[in-house]
Amino acid sequence: MPIGEFGGAPPLVSEGSPALTTPMYWMYEMGQASLNPARAVTDATKILFQNPLNPWSHTQFGKSVAAACELFERTTRRYGKPEWRLDTTEVNGMRTPVEVRSIWEKPFCRLLYFDRKIARPLRTPQPRVLIVAPMSGHYATLLRGTVEAFLPTHEVYITDWADARMVPVTEGRFDLEDYVDYVIEMLHVLGGNMHVIAVCQPSVPVVAAVSVMEANRNPFVPLSMTLMGGPIDTRRNPTAVNNLAAERGIEWFRNNVITKVPFPHPGVMRDVYPGFLQLSGFISMNLDRHTDAHKRLFANLVKGDGDLVDKHREFYDEYLAVMDLAAEYYLQTVDLVFVKHALPKGEMTHRGQPVDPTKISRVALMTVEGEKDDISGLGQTEATHALCPNIPPHRRVHYVQKGVGHYGVFNGSRFRSEIVPRINDFMLSAANKKPMLVASSAAAAE
């Protein structure tokens, strides 16, 4: 996930000058404001050249002008938080309305429940699953496809992390230990009988939360935890972004990518890793691909290929919507996970208590990796099994999905057709607590 893509963010001003990074956010806001007149003119021009009463709108020139106007508007727009757009699902062959509502809230997170309005009671209760979304730049809606895939057969809850620029400084700090506290508190609110899925970055805090709960013999530990493409041990098969974190060190990130939220945002003067810097990192990793995608958008707008244009808009409306991260959380994550490797070394603590995964024995474990993952390399998530020796062999599974990269681990056709059914089977077996689980990735793939 994007937490591993921080390496693409360009340095601000010069090395070792944190004081000079502070105005960067303010300059960005002024730049956005200065574009408003140009955006207004461009929007009016687009409307003019799309008006069927304008004879130019039917010409190649007119269509090209309208397409250029849309390209300018989309590349200069600040994208807001996307909607879930999951109004219905299919349960037992029946189309069922879905209501998304918050059932728990703290300053930096809401717990959302996808309430399926099932007309007739189900014969047997379906598994309850908490999806812990990454707090790594994009909103939780990036997992829309993940939620959609589980809705027909599960009661689904998801963490909806807040944009740090929208949280007033009076609400206090938020760091990795707070993240672990939030996960534990949500499991208490849900009252047990839960399965947890951690997508990428949350794998570390979820393992930490479950370890702490097991050490304290907490009755609300989940039945199972599924870790998908998570950076548990980035020393294994390190990727380019993993290496960059180790080379730069935590001080480089503190000095070059942390700034303060400007007025008039509610979080004014909060230290953050801003979304616009994260977005530059995301895009720079695959600049050619994004450039080609926008060239194709221009060509498809001129041709009038509505389907391809809609697909582009749908993807980039989500991809370009980014949120600020609390600086203390971001820096602590980079330091402990990517630089010090605290969890696999047995050096991680939570509120002064050692985080000891060997305490985990009641929770079944499944790890999922993508064969072509260039963010969390092969083996980084599988390392969890070595850290949790007291989980019985029949209650653990490792699966490698062939032919997919990082995003294919939690979204796309292969996720829906090959990964989701395996997770479903794993959860059902974990709930039964009988020797039914497969203990090796090779057997799981058969």
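Further up the page is the structure itself.
Residues numbered from 1 in each chain as written. Predicted model: local features only at pLDDT ≥ 70, side-chain atom pairs only at ≥ 80, totals over all residues. Heavy atoms only, no water.

Draft legend 1. Representation of the overall build of the protein chain. Of the regular secondary structure elements, the protein chain holds 16 helices and 14 strands. Projected onto its principal axes, the C-alpha coordinates of the protein chain cover approximately 70 × 55 × 40 Å. For the protein chain, with 446 residues in total, the buried portion stands at 54%. Restricting to contacts in the protein chain with at least 6 residues of sequence separation, those with at least 24 account for 79%. As displayed, the protein chain has an accessible area near 19,200 Å², and 56% of this comes from carbon and sulfur atoms. (Helix = DSSP H or I, 4+ residues; strand = E, 2+ residues; numbered from the N terminus. Buried < 20%, exposed > 50% of the residue type's maximum accessible area, 1.4 Å probe, protein only. Contact = heavy atoms within 4.5 Å. Areas by Shrake-Rupley, 256 points an atom, 1.4 Å probe, with all protein chains shown as cover.)

Draft legend 2. View of a nonpolar patch on the surface. On the surface, W26, V169, F263 and M269 cluster together into a nonpolar patch covering about 420 Å² of accessible area. With respect to the element layout, F263 can be found in the loop between strand 8 (259–260) and strand 9 (271–273). (Patch = residues over 30% accessible without salt bridge, like charges linked within 9 Å, V, L, I, M, F, W, Y side chains within 5 Å. Salt bridge = Lys/Arg side-chain N within 4 Å of Asp/Glu carboxyl O.)

Draft legend 3. Structural detail: helix 5 (residues 176–190). Taking 1.5 Å of rise per residue, the 15 residues of helix 5 would be expected to cover 21 Å, and the 21 Å separating its terminal C-alpha atoms lies within 8% of that figure. Burial analysis of helix 5 places eleven of its 15 residues in the buried class, the great majority of the element. Sitting at the head of helix 5, D175 places a side-chain oxygen 3.1 Å from the backbone nitrogen of E177. The positive-phi residue at the C-terminal boundary of helix 5 is G191, with phi of around 80°. (Expected span 1.5 Å × (residues − 1). Polar contact = N/O pair within 3.5 Å; in protein donor to acceptor, adjacent residues only side chain to side chain.)

Draft legend 4. Structural context of the nonpolar core. One finds I131, I158, W161 and M228 to be the most contacted residues of the largest nonpolar core, which totals 115 residues. Counting residues per element, this core draws most heavily on helix 5, at nine residues. Excluding its chain neighbours within four sequence positions, the residues that come into contact with W161 are F108, C109, V132, A133, P134, M135, F174, Y179, Y182 and M323. Grouped together as the second largest cluster of nonpolar side chains are six residues, A67, L297, L301 and V309 included. (Core = buried A, V, L, I, M, F, W, Y, C linked by side-chain atoms within 4.5 Å.)

Draft legend 5. Seen up close, the pairing of strand 4 (residues 128–132). Within strand 4, five of the five residues are buried, which leaves it mostly tucked inside the rest of the structure. Pairing of strand 4 with strand 5 (residues 155–161) involves four bridges; the strand directions are parallel. Along strand 5, the bridge assignment pairs L130 with Y157. Remark: the strand 4/helix 4 (residues 144–150)/strand 5 crossover connection has right-handed handedness. (Pairing = 2+ DSSP bridges. Right-handed = clockwise from strand over helix to strand, strands pointing away.)

Draft legend 6. Quick look at unusual backbone geometry. Between F263 and the following residue, P264, the backbone shows a cis peptide bond with an omega angle of 15°. Looking at the element boundaries, P264 is found in the loop between strand 8 and strand 9. Located in the positive-phi region is R85, a residue other than glycine, with phi close to 55°. Its location among the elements puts R85 in the loop between helix 3 (60–76) and strand 1 (88–91). Phi is positive for N92, close to 55°, though the residue is something other than glycine. The residue N92 is located in the loop between strand 1 and strand 2 (94–106) in this model.

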